[in-house]
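Commentary on secondary and tertiary structure
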Amino acid sequence: MDWILAILETLLFIGAAPLLAGWTKRVKCRLQNRKPPSLLQPYRDLLKLYRKQPILPHPASWIFRAAPYVVFAATVLTAAFVPLVAVNLPTAKIADVIVLVGFFALARTFLVLAGMDIGTAFGGMGSSREMTIASLAEPAMLMAVFTLAMSAHTTNLSQAMNYVLDTGLVLRPSFVFALGGLMLVAVAETGRIPVDNPATHLELTMIHEAMILEYSGRWLALIEWASQIKLMLYGVLIANIFFPWGIARDFSPESIGIGVGMIALKLALLAILLVLSETAFAKMRIFRVQEYLSFAYLLSVLGLLSHIILEAARVHH
Amino acid sequence: MSLFLAYLAVLAALLSAVTAAIDGRSPWIDAFIAKGLGRWPQQLARVRHSLAAEDYAARHRQLLFTLLGGSGIAALLAGIGALASGAPLVDTLPFGLPWLSWHTRLDPLSGFFLCVLGLPLIAVALYGPGYVREFEHGKHSLTTLGLTTGMFVAGMELVLLADDALLFMIAWELMSVASYFLVAFQHEHAANRRAAFLYLLMAEVGAIAIILAYGVLAGFGGGLTFDALRCAALSPLWASIAFVLALTGFGMKAGLVPLHAWLPEAHPVAPSHISALMSGVMLKIAVYGFIRFAFDLLDQILWQWGILVLVIGSASAVLGILYALQQQNLKRLLAYSSVENIGIVFTALGLSLIFLSNGDTALGTLGLVGGLLHCLNHALFKSLLFLGAGAILHQTHEQSLENMGGLIHRMPKLANVFLVGTLSIAALPPLNGFVSEWLIFQTALQAGSIQSGVLRSLIPTASAVLALTSALAATCFVKVYGVAFLGLPRSGHIAHAKEVGHRGMLAGPALLAACCVLIGILPAPLINSLGNLTHQLTGADLGNISTLGWLWLTPVAPEVASYAPALVVIGILAVGWLCYHLLYRRTGLEPRRAEPWDCGFGGLPARMQYTSGAFSMPIRRIFQPAFEVQETLEETREGPAGTRVTVLRYRFQVLDKAWLGLYEPAGRGVLHLARWVGRLQTGNIRTYLGYSFFTLIFLLWVIS
């Protein structure tokens, strides 16, 4: 029963991801005085790509063909680990938050390898930049997560959420820092402004788009869908770790219903926040990104240190 | 039984050395055979016939490596036996000094490291016959190679078996000196001779530090056997002196920053299967020495030592990988990455020391297990990658990443095996590199249990560095795989490369790749088998590691952290297969082959690809202070007043700061000192007579 629920939750996760992307786009259009597309447009795009015949560039090897499946499978699996509407599901036990970061890295590695597989300048450029950004963002993310792990004495996401729920609303400086760090990382890792621009097709500025330039058809659909899931994953992580209230702690229909409603609300709000920052800021030069990410890293480490200095000491005495 | 197998391993390695030294075609061998088989003319004729046969060289080579492989299998079995039984086996050999015969001992710790040695050795034995074939008709005799390889392996095995400081040092020197000849094997290049000399120098300086460390213990313990050393009651000051000496000596061999600069010079210039053994195994022998000294022989553990090891380990990890990222020579890159991995191992050991000194045995054990597991993992994937790099070198005579590309189309099998190594060393789930780093992170995250605020904040900082290291390692090895195997070939050699012909040259790396996958997916049984080892060193084991079953890892407690790699693999395969089925099989849309997008200009030559140097340029720029970058831009101008630039030549070189900051000043200092001492040598006979006279007077005064 638990396992069925876990699978259903994962399906809901991957099913709702394009909706979140559609909602983000819609809010952004509104803010920029443009006419928004339908909320369901991302689904239509995926369906259209699914039906198209994909194009395989000549120098491609099996890595190019396999990468979309690996990326999608790794992302879906990550979605299965992260509690969306209910805690204490059995899938949360299979992997903890460090494994989650590892899975992001696995998906990214294959995407980067696929980018280099064709041997074009774009692929290499996108790959190099993606790995550079990731190698700064990943430690920042781990540090933010460790802050939580050390407070909650667990790296298991479900247990950590339980811990926050049990202790109630306490203002912890460490959590504030970690939240800031994680939000900055989320923006960088999902390729949003000011680090990357998901809408650009100007060669010199793109990172993510440059890597997947050669993809088309169902492969592109998988990659797009995976990046939508990734966006939602970061949203859910932020929402459920720092503000877990409303998440279902038992599996009764009412609490699950409340859980679904609450997470939808939280994600919708987070999307508005993201869009506000995207509208307010411009994209950075590539060599400014390091400062941005170092700041995120610093925030996360500060969070960890403030936990150790301010909070852990209190527990002992 | 296990000890017998261990002796057998040493014997097989020595026998391989002897076999290499004997050329079956030399006249005295012929005379020897004629004498021995004189009574059986038929057999004599047969032996002579086989010695004269065309494939004699191939058989001789095969025999050498079969003996080495036998040594590897025996070492592996002995190690497994020692790990399983737990009781140490001791023995005394009738060699050595009159009052000190050689003591040997096989306990779980040496057993574990025998396994670490055995697996790569088996792979090397499979790989070697094909790889050394090209040396056969070259300038260098296989005799030297085979002789020193056998002695090198025997030396490493004896280090693991030694139970007294004397045998330990003899074996240690055998290992160091034999590997010097291996580094100097291709001695026609001045750079190789220089690297070999530097290697020998550093090895001997390190050996002196180790001897002094043993000397301190022996001074208090009264005896050179390890049992006597264990009984030495040291004051904290003397214990610290011994510890620092041991850390210097073993750290020098293991390649810890800032003593690492010899390592990336020496390891890559040896033949590739030897590089695999040096990076994959010999560094682990140094780690073994350190663990034996710090965890077993010393009677106390101070938290300051833990901090020292933690800081040095973290620095090695992050600097090693930063330098690795900037290398264009594949084997050099792999050598720098060894510095990084040894740094990770020492980070884990530092954590373990801190927790143990704090009295937290369970967490100390967890850190130790993380470090040991990373030793094994690194031995597996680094040997794999060196053997792979050797196969590329063998097929294309190319070492520079800048000239590679597109090898996945030309060497598809090697490319698949290499991919496993790449993903493992990049610490990606669900492979083995991730498991050990995960355990180390889990150890670091328990820092909250320590009372001291300084330690509590230092450990998370170290884990921050570790996180940065693992992210950079992923970048580094993605670069290696992407530049070498993917894209278009960047040179003619590579474009005409062919798949490795010799089956063993693929089987060796494939064996290691299989081990990487197996440990990655099912780590719990392996970690459980380390229980005897940790009992021996820390007096505890990881009882909680498989609370949920053998598919699971739960290092501290199930509610603190759990990871089930096998379930993860099943999940990923299921989702991947489902997608493939739904998207490809159901639509039946075959992809259309086309040219890649070239902005409509037509034609994308290989030179337009990102190079290895370009790929790591952002990192070079971001971490500028860590490097000494020398860039030059040469312009050739023509036309009126030199306005038209016709040729642009850009060069860059990344230098190791340890060279400039430590090695070169030390070298200058030694030269200076030598010149100063040289003033004694006037060349005047009266001065020398004066020296003798005053020495005599002094001695007479001392005696009377």
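Reading the values: the criteria
- Residues numbered from 1 in each chain as written.
- Chains lettered and ligands numbered in written order.
- Predicted model: local features only at pLDDT ≥ 70, side-chain atom pairs only at ≥ 80, totals over all residues.
- Heavy atoms only, no water.
- Helix = DSSP H or I, 4+ residues; strand = E, 2+ residues; numbered from the N terminus.
- Rg over C-alpha atoms; globule rule 2.2 N^0.38 Å.
- Buried < 20%, exposed > 50% of the residue type's maximum accessible area, 1.4 Å probe, protein only.
- Contact = heavy atoms within 4.5 Å.
- Lys, Arg positive; Asp, Glu negative; His and termini not counted.
- Charge placed at Lys NZ, Arg CZ, Asp CG, Glu CD.
- Core = buried A, V, L, I, M, F, W, Y, C linked by side-chain atoms within 4.5 Å.
- Domains from an automatic or database assignment.
- Polar contact = N/O pair within 3.5 Å; in protein donor to acceptor, adjacent residues only side chain to side chain.
- Buried area = accessible area lost by both parts, 1.4 Å probe.
- Salt bridge = Lys/Arg side-chain N within 4 Å of Asp/Glu carboxyl O.
- Pairing = 2+ DSSP bridges.
- Disulfide = S-S within 2.5 Å.
- 1 Å grid on protein atoms, 1.4 Å probe; cavity = no way out; pocket = protein on both sides within 12 Å on 5 of 7 lines; lining within 4 Å.
- Points joined across faces, edges and corners; volume = space filled by probe spheres on them.
- Nonpolar A, V, L, I, M, F, W, Y, C, P; charged D, E, K, R; others polar.
- Expected span 1.5 Å × (residues − 1).
- Patch = residues over 30% accessible without salt bridge, like charges linked within 9 Å, V, L, I, M, F, W, Y side chains within 5 Å.
- Areas by Shrake-Rupley, 256 points an atom, 1.4 Å probe, with all protein chains shown as cover.

1. Observations regarding the overall build of chain B
In terms of regular secondary structure, chain B is built from 28 helices and 5 strands. Its C-alpha atoms give chain B a radius of gyration of 28 Å, near enough to 27 Å, the size a compact globule of 704 residues would have. Dimensions of chain B, computed from C-alpha atoms along their principal axes, come out at roughly 95 × 80 × 70 Å. For chain B, buried positions account for 57% of its 704 residues. The contacts of chain B with a sequence gap of at least 6 include a subset with a gap of at least 24, amounting to 79%. A distance of 7 Å separates the average location of the 42 positive side-chain charges in chain B from that of its 36 negative side-chain charges.

2. Looking at the nonpolar core
Residues and elements named next belong to chain B. The biggest cluster of nonpolar side chains holds 356 residues, and the ones touching the most others in it are F168, W172 and Y214. Counting residues per element, this core draws most heavily on helix α15 (residues 361–396), at 19 residues. Two domains each donate at least three residues to this core, and these are domain 1 (184–568) and domain 2 (615–656). Once residues lying within four places of it in the same chain are set aside, the contact partners of Y214 are A165, F168, M169, F226, L229, F250, F293 and L297. If you look at the next biggest cluster of nonpolar residues, it comprises 5 residues, including I29, I33, L44 and L51.

3. Considerations on the environment of L530 of chain B
All names here are of chain B. The topology assignment puts L530 in the loop between α22 (523–528) and α23 (531–537). Relative accessible area serves as the criterion here: at 2%, L530 is assigned to the buried category. When the C-alpha atoms of L530 and R194 are compared, they prove to be 41 Å apart, with 336 residues separating the residues in sequence. Excluding residues within four positions of it along the chain, L530 makes contact with L83, F112 and V369.

4. Let's talk about unusual backbone geometry
In this structure, the amide linkage connecting I193 of chain A to the following residue, P194 of chain A, adopts the cis form with an omega of 10°. The residue after V257 of chain B, namely P258 of chain B, is reached through a cis peptide bond having omega 5°. Here P258 of chain B lies in the loop between α10 (236–254) and α11 (263–269). A positive phi angle, close to 55°, is found at N33 of chain A, a residue other than glycine. Checked against the element boundaries, N33 of chain A lands in the loop between α1 (2–31) and α2 (41–51). Look at A641 of chain B: it is not a glycine, yet its phi comes out positive at around 55°.

5. Focus: the side chain of S275 of chain B
Residue and element names in this part refer to chain B. Within the fold, S275 resides in helix α12 (residues 272–297). Residue classification places S275 among the buried residues on the basis of a relative accessible area of 0%. Only 3.4 Å separates the side chain of S275 from the side chain of K331, close enough to count as a polar contact. Residues within four places of S275 in sequence aside, it is in contact with H267, P268, A270, G280, K331 and F386.

6. Examining the interface of chain B and chain A
Counting residues at the interface gives 80 residues for chain B, matched by 80 residues for chain A. Taken over both partners, the interface formed by chain B and chain A buries close to 6,900 Å², and the fraction arising from carbon and sulfur atoms is 72%. Across the contact surface, chain B and chain A share 0 salt bridges. Taken together, the links from chain B to chain A amount to 25 residue pairs in polar contact (both at pLDDT 80 or more). At the level of secondary structure, the elements contributing two or more residues to the side of chain B that touches chain A comprise α16 (407–410), α17 (412–425), α18 (432–445), α19 (453–485), α24 (565–585), β3 (592–594), α25 (612–615) and α26 (617–622) of chain B. Sort the elements by how many residues they give to the side of chain B that touches chain A and α19 of chain B lands first, with 19 residues. Where strand β1 (residues 55–57) of chain A lies against β3 of chain B, 3 bridges are found, and the strand directions are parallel.

7. As for the state of the cysteines
Residue and element names in this part refer to chain B. The tally for this structure, following the rule as stated, stands at 0 disulfides over all chains. We note that C516 lacks a disulfide partner, and the nearest cysteine sulfur, in C515, lies 7.1 Å from it. In this structure C516 comes out as buried when scored by relative accessible area, which is 0%.

8. Details of the pairing of strand β5 (residues 644–655) of chain B
Pairing of strand β4 (residues 628–638) of chain B with β5 of chain B involves 11 bridges; the strand directions are antiparallel. Across the sheet, E631 of chain B pairs through a bridge with F652 of chain B, a residue of β5 of chain B.

9. Remarks on the pattern of salt bridges
Residue and element names in this part refer to chain B. Within the structure shown, the criterion is met by 17 salt bridges over all chains. Among the salt bridges present, the one from R194 reaches E265, with a minimum N-O distance of 4.0 Å. Of the two residues, R194 is situated in helix α8 (residues 190–221) and E265 in helix α11; the sequence distance between them amounts to 71 residues. A single salt-bridge network, built from bridges that share partners, covers R105, D107, D227, R230, R292 and D296.

10. Description of the domain arrangement of chain B
When the parts of a complex come together, some accessible area is lost, and that lost area is often taken as the interface size. Under the domain assignment, chain B is made up of domain 1 (184–568), domain 2 (615–656) and domain 3 (659–703). Here the C-alpha centroids of domain 1 of chain B and domain 3 of chain B sit 42 Å apart.

11. What about empty space enclosed by the protein?
All told, the structure shown has 7 cavities of 30 Å³ or more when counted by the stated rule. There is about 130 Å³ of room inside the largest cavity. If you go around the largest cavity, you meet 14 residues; those closest to its centre are G102 and E138 of chain A together with A427, F434 and S470 of chain B. When residues of the lining of the largest cavity are traced back to their parent elements, those giving at least two are α5 (97–117) and α6 (121–152) of chain A together with α18 and α19 of chain B. Here the lining of the largest cavity gets 4 residues from one element, more than from any other, and that element is α5 of chain A. Considered class by class, the residues forming the lining of the largest cavity number 10 nonpolar, 2 polar and 2 charged.

12. Let's talk about α24 of chain B
When the terminal C-alpha atoms of α24 of chain B are compared, their 28 Å separation across 21 residues agrees well with the 30 Å that a helix rising 1.5 Å per residue should span. Listed in full, the buried residues belonging to α24 of chain B are P565, A566, V568, V569, G571, I572, V575, G576, C579, L583 and Y584 of chain B.

13. Here we look at a nonpolar patch on the surface
Residues and elements named next belong to chain A. On the surface, a nonpolar cluster with roughly 910 Å² of combined accessible area is contributed by L19, W23, L31, L39, L40, Y43, L265, L269, I272, L273 and L276. Those elements that provide at least two residues to the nonpolar patch are α1 and α11 (253–280). Counting residues per element, the nonpolar patch draws most heavily on α11, which supplies 5 residues. The residue L276 is located in helix α11 in this model. Judged by its relative accessible area of 44%, L276 falls in the partly exposed class.

14. Notes on the environment of A13 of chain B
Residue and element names in this part refer to chain B. Relative to the assigned elements, A13 resides in helix α1 (residues 2–21). You can call A13 buried: its relative accessible area is 0%. In sequence terms A13 and G155 are 142 residues apart; their C-alpha atoms lie 9.0 Å from each other.

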